[in-house]
Amino acid sequence: MKYFIYTLIAIAMGLLIYNSTHLDFDNLWSDDNKTALIGIFSSACAVLLMSILLVSKSIQKKSKRRK
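What you see is a predicted model; the values in this text were computed from it and never measured.

Caption draft 1: Up close: the overall build of the protein. The helix and strand tally for the protein stands at two helices and zero strands. Relative to the compact-globule value of 11 Å for 67 residues, the protein shows a C-alpha radius of gyration of 16 Å, a clear excess of over 25%. The principal-axis extents of the C-alpha atoms in the protein amount to approximately 55 × 20 × 15 Å. Residues counted as buried form 22% of the 67 residues belonging to the protein. In the protein, 56% of the contacts between residues at least 6 apart in sequence involve partners at least 24 apart. Entry remark: accessible area of the protein is about 5,500 Å², with carbon and sulfur atoms responsible for 67%. Taking the average location of the 9 positive side-chain charges in the protein and that of its 4 negative ones, the two points are 42 Å from each other.

In structure tokens form, the structure reads like this:
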């Protein structure tokens with residue numbers, strides 16, 4: 001499970017980098033940039049959620065050892 005989460009984080013980071021290359025900073029609110037911005041925000045959310053999942057799994061493992 002841990003390696004699967006790391007794989008998802010790597011894929012999300014790759015998509016974040018890919019979508020950030022498609023941004024046009026001169027015209028940030030154009031239709032082409034909206035798709036890239038949505039991709040960037042969704043990839044960032046995926047990375048954040050997977051990081052929270054990793055932390056919660058480690059907390060769960062530590063709490064089971066104490067019981």
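Caption draft 2: Representation of helix α1 (residues 2–21). The end-to-end C-alpha distance of α1 is 29 Å, a good match for the 28 Å that 20 residues give at a rise of 1.5 Å each. When α1 is considered as a whole, its buried residues turn out to be Ile-5, Ile-9, Ala-12 and Asn-19. Along the axis of α1, the buried residues cluster in a sector spanning 95°; they form a single face. Of the exposed residues in α1, the ones pointing more than 90 degrees away from its buried face are Tyr-3, Ile-17 and Thr-21. Here the buried face of α1 lies against α2 (31–66).

Caption draft 3: Structural context of the side chain of Ser-43. Looking at where Ser-43 falls in the secondary structure, it is placed in helix α2. When near neighbours in sequence (up to four residues on either side) are disregarded, Ser-43 contacts Ala-12, Leu-15 and Leu-16.

Reading the values: rules and limits
Residues numbered from 1 in each chain as written. Predicted model: local features only at pLDDT ≥ 70, side-chain atom pairs only at ≥ 80, totals over all residues. Heavy atoms only, no water. Helix = DSSP H or I, 4+ residues; strand = E, 2+ residues; numbered from the N terminus. Rg over C-alpha atoms; globule rule 2.2 N^0.38 Å. Buried < 20%, exposed > 50% of the residue type's maximum accessible area, 1.4 Å probe, protein only. Contact = heavy atoms within 4.5 Å. Areas by Shrake-Rupley, 256 points an atom, 1.4 Å probe, with all protein chains shown as cover. Lys, Arg positive; Asp, Glu negative; His and termini not counted. Charge placed at Lys NZ, Arg CZ, Asp CG, Glu CD. Expected span 1.5 Å × (residues − 1). Arc of directions from axis to C-beta.

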